[in-house]
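# Residue-level structure breakdown
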Amino acid sequence: MFCPFCQHTDTRVIDSRVSDDGSTIRRRRECEACGERFNTFENAELKLPAIVKSDGRREAFDERKLRISFDRALQKRPVSAEDIDVAVRGVIHALRLTGERELPSLRVGEFVMAELKKLDQVAYVRFASVYRKFEDVQAFREEIERLERDLPGLEGLQLPLLDAAADKAKK
């Protein structure tokens, strides 16, 4: 490893630590020539599939875009940054598990919806309304009813979607 200060080719590792999530190793190094110390970070470089857009364009997967999608859906919702990080990692993990070299963007959207469904029902409906291109109130109502049917185990853990659902929960 080259020293970033004097460009000497010999540095030694003083300390190594694994990050909290276990995906990165931080190494503290010291240059043998000038004595300066610096950190390096080591993580596995895994190739994620290319994303095929609906118009046929292909582009490299961009974690930043994925995070922006989560942030938009979860705007002003009571979800912690740690939970969002876990959801983003969940989508990335699902992408890796496919083993595909290319994936349609619609499939990525399905992975995002699955994570949002676990995190926050309102965020899920927000994302679904854009993803599925809802045209009217009836489409929202149908998605909310589907969500309520699919998630009976989450009842009481999240705020209800509609006032009627709140009234039903009180009875």
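Each remark here, short or long, concerns the structure printed above.
Parameters and conventions
Residues numbered from 1 in each chain as written. Predicted model: local features only at pLDDT ≥ 70, side-chain atom pairs only at ≥ 80, totals over all residues. Heavy atoms only, no water. Helix = DSSP H or I, 4+ residues; strand = E, 2+ residues; numbered from the N terminus. Buried < 20%, exposed > 50% of the residue type's maximum accessible area, 1.4 Å probe, protein only. Contact = heavy atoms within 4.5 Å. Axes fitted to C-alpha atoms, helices over the stretch in contact; angles between N-to-C directions. Parallel < 35°, antiparallel > 145°, perpendicular 65-115°, else oblique. Left-handed = near helix turned anticlockwise from the far one by under 90°. Core = buried A, V, L, I, M, F, W, Y, C linked by side-chain atoms within 4.5 Å. Salt bridge = Lys/Arg side-chain N within 4 Å of Asp/Glu carboxyl O. Pairing = 2+ DSSP bridges. Phe/Tyr/Trp six-rings, centres within 6.5 Å; stacked < 30°, edge-to-face > 60°. Patch = residues over 30% accessible without salt bridge, like charges linked within 9 Å, V, L, I, M, F, W, Y side chains within 5 Å. Areas by Shrake-Rupley, 256 points an atom, 1.4 Å probe, with all protein chains shown as cover. Lys, Arg positive; Asp, Glu negative; His and termini not counted. Charge placed at Lys NZ, Arg CZ, Asp CG, Glu CD.

### A look at the side chain of S129
By secondary structure assignment, the location of S129 is in helix 4 (residues 121–131). On the basis of relative accessible area, S129 is assigned to the buried category, the value being 16%. In this structure, S129 is in contact with F134 and F140, ignoring residues within four places of it in sequence.

### Observations concerning the packing of helix 4 against helix 5 (residues 137–150)
Look at helix 4 against helix 5: their axes get within 11 Å of each other, and the N-to-C directions meet at 135°. One finds that helix 4 runs oblique with respect to helix 5. As for how helix 4 packs across helix 5, the hand of that crossing is right-handed. In this structure, helix 4 uses Q121, Y124, V125, A128 and S129 to contact helix 5, whose residues at the interface are F140, E143, I144 and L147.

### Some words on the nonpolar core
Ranked by internal contacts, the top residues of the largest apolar core, which has 32 residues, are L66, F70, L74, L95 and L116. Listing elements by their share of this core, those giving two or more residues are helix 1 (63–73), helix 2 (81–98), helix 3 (105–119), helix 4 and helix 5. The residues touching L95, leaving out its near neighbours within four places in the chain, are L48, P49, F61, L103, V108 and F111.

### Thoughts on the pattern of salt bridges
All chains considered together, the criterion is met by 15 salt bridges. One salt bridge in this structure joins E30 and R37, with 3.4 Å as the shortest N-O distance.

### Some thoughts on the sheet that holds strand 4 (residues 50–52)
Read from one edge of the open sheet, three strands run 5-4-6, paired in mixed fashion. Both outer strands of the open sheet, strand 5 (58–59) and strand 6 (102–104), are each paired with one neighbouring strand and no more. Pairing of strand 4 with strand 5, which is carried by two bridges, proceeds in the antiparallel orientation. Counterpart to V52 in the pairing with strand 5 is R58. Running over the sheet, helix 3 touches strand 4 and strand 6 and is turned about 75° from strand 6.

### Observations regarding the packing of aromatic side chains
A complete count under the given rule lists one aromatic pair for this structure. The interplanar angle of 65° and the centroid separation of 6.5 Å between the aromatic rings of F5 and F38 together place this pair among those described as edge-to-face. You can see F5 sitting in the segment before strand 1 (11–18) and its partner F38 sitting in strand 3 (residues 37–43), a full 33 residues away along the chain. By relative accessible area, F38 is classed as buried at 9%.

### What about the environment of K118?
If you trace the backbone, K118 turns up in helix 3. As for K118 and A87, which are separated by 31 residues in sequence, their C-alpha atoms are 8.9 Å apart.

### Quick look at a negative patch on the surface
On the surface, a cluster of negative charge is contributed by E135, D136, E142, E145 and E148. Its location among the elements puts E148 in helix 5. For E148, a relative accessible area of 34% corresponds to the partly exposed category.

### Comments concerning the sheet that holds strand 2 (residues 24–31)
Overall, antiparallel pairing links the three strands, which are arranged 1-2-3 in an open sheet. The two strands at the open ends of the sheet, each matched to only one other strand, are strand 1 and strand 3. When strand polarity is set aside, the average angle formed by the axes of neighbouring strands in this sheet is 25°. As defined by bridge partners, strand 1 adjoins strand 2 across seven bridges and the pair is classed as antiparallel.

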